[in-house]
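Summary of the model geometry
Chain by chain, the residues:
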Amino acid sequence: MVTSSVVNTYPLSSYSFGTKEPKMEKDTSVADRLARMKLNYMKEGMRTSVEAILLHNHPHILLLQIGNTFCKLPGGRLKPGENGIRFHLTINDHYTPFPPSDTPFCLAEIEGLKRKLSSKLAANSPNMQPNWQIGECVAVWWRPNFETIMYPYCPPHISKPKECKKLYVVHLSEREYFAVPKNLKLLAVPLFELYDNVQRYGPVISTIPQQLSRFQFNMIPA
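An account of the accompanying structure is given in this report. Note that this is a predicted model, so its numbers are computed, not measured.

Section: the overall build of the protein chain
Summing up its helical and strand segments, the protein chain has five helices and 13 strands in all. Looking at the protein chain residue by residue over its 222 residues, the buried ones come to 45%. Taking as baseline every contact in the protein chain between residues at least 6 positions apart, the subset at least 24 positions apart corresponds to 74%. Within the structure as shown, the protein chain displays about 11900 Å² of accessible surface, and the carbon and sulfur contribution to it stands at 55%.

Structure below.
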């Protein structure tokens, strides 16, 4: 895990791109996605997802585009056991998070993010896997109910949140090869386009510029 406030960024020409088999979405609508989330919650408890902020050049963020309009960060839902958040049950039947710690649980969460990144953007060949250098967690978002709205905090009256989403900065090496599923597009979006653009990118992605404001970007030419 990389814990540095300095992020080296490289021009897009430093990277090579190819394609691989499509990665089909499991749901055809938002209602279907929320229904599946509810079903999984009944079996496994709170959903934990991790997403990567991949930066290049003066910083642009790499987003995956589905269809003509919807964009998302690469990442996804963690498997049971990869969850880095531990809860204990209080006498009032409230689930309260334990304080963060450098436990194997957190390491499993980082390995889970690497697994999701490889699934989304790595070639099928084991010899062409990117060197995913996971950095700091810069944001945590909470879904209180089985609805689309998420908050950058867990509302105090919510004892059993339905999802926790964490955003990590991922440091890219100078040279990498990315394989993009054929049904997706990989976009490089500048920070100024994301900033305060809730209507286009939603509240999670549009606030990334604020979350990155404390980092120093070291732009390395080709």
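A few points about the side chain of K120
In this fold, K120 is placed in helix α2 (residues 104-121). Buried within the structure, K120 lacks any salt-bridge partner; E25 is the closest side chain of opposite charge, at an N-O distance of 6.5 Å. Leaving out residues up to four positions away in the same chain, K120 has contacts with K20, L64, K72, G75, A179 and P181.

Comments concerning helix α1 (residues 30-44)
Here α1 spans 20 Å end to end across 15 residues, near enough to the 21 Å set by a 1.5 Å rise per residue. Among all positions in α1, only L34, M37, N40 and Y41 are buried. Buried residues of α1 fall within an arc of 125° about the axis and therefore sit on the same side. Exposed side chains of α1 directed beyond 90 degrees from the buried face belong to A31, L39, M42 and K43. Tucked into the core, α1 has its buried residues touching β3 (47-56), β6 (75-77), β9 (133-143) and β10 (163-171).

A few points about the layout of surface pockets
Within this model, the largest pocket holds a volume of roughly 1400 Å³. Forming the walls of the largest pocket are 43 residues, and the residues nearest its centre are E25, R33, R47, F70 and K72. Those elements that provide at least two residues to the lining of the largest pocket are α1, β3, β5 (70-72), β6, α2, β10 and α4 (198-206). Here the element with the most residues in the lining of the largest pocket is α4; it accounts for seven residues. Residue classes in the lining of the largest pocket are distributed as 15 nonpolar, ten polar and 18 charged.

Here we look at unusual backbone geometry
Although it is not a glycine, N57 sits at a positive phi angle of roughly 55°. Within the element layout of this structure, N57 appears in the loop between β3 and β4 (60-66). Backbone geometry at D196 places phi at a positive 60°, although glycine is not the residue there. Looking at the secondary structure, you find D196 in the loop between α3 (191-194) and α4.

Let's talk about the pattern of salt bridges
Summed over all chains, the structure comprises ten salt bridges. Among the salt bridges present, the one from R36 reaches D27, with a minimum N-O distance of 2.8 Å. Classification of D27 by relative accessible area gives buried; the value is 17%. Linking E51 and K165 is a salt bridge whose minimum nitrogen-to-oxygen distance equals 3.5 Å. With E51 in strand β3 and K165 in strand β10, this pair connects stretches of sequence that are 114 residues apart. The same class applies to E51 as to K165, namely buried.

Overview of the nonpolar core
Formed by 22 residues in total, the largest nonpolar core has its most connected members in I53, I61, L63, L167, L194, I208 and L212. Listed by contribution, the elements that provide at least two residues to this core are β3, β4, β9, β10, α3 and α4. If we ignore the near neighbours within four places in the chain, the residues touching I208 are I53, I61, L73 and L167. Within the second largest apolar cluster, 21 residues are counted, among which are Y10, Y15, A52 and I110.

About the criteria used
Residues numbered from 1 in each chain as written. Predicted model: local features only at pLDDT ≥ 70, side-chain atom pairs only at ≥ 80, totals over all residues. Heavy atoms only, no water. Helix = DSSP H or I, 4+ residues; strand = E, 2+ residues; numbered from the N terminus. Buried < 20%, exposed > 50% of the residue type's maximum accessible area, 1.4 Å probe, protein only. Contact = heavy atoms within 4.5 Å. Areas by Shrake-Rupley, 256 points an atom, 1.4 Å probe, with all protein chains shown as cover. Lys, Arg positive; Asp, Glu negative; His and termini not counted. Salt bridge = Lys/Arg side-chain N within 4 Å of Asp/Glu carboxyl O. Expected span 1.5 Å × (residues − 1). Arc of directions from axis to C-beta. 1 Å grid on protein atoms, 1.4 Å probe; cavity = no way out; pocket = protein on both sides within 12 Å on 5 of 7 lines; lining within 4 Å. Points joined across faces, edges and corners; volume = space filled by probe spheres on them. Nonpolar A, V, L, I, M, F, W, Y, C, P; charged D, E, K, R; others polar. Core = buried A, V, L, I, M, F, W, Y, C linked by side-chain atoms within 4.5 Å.

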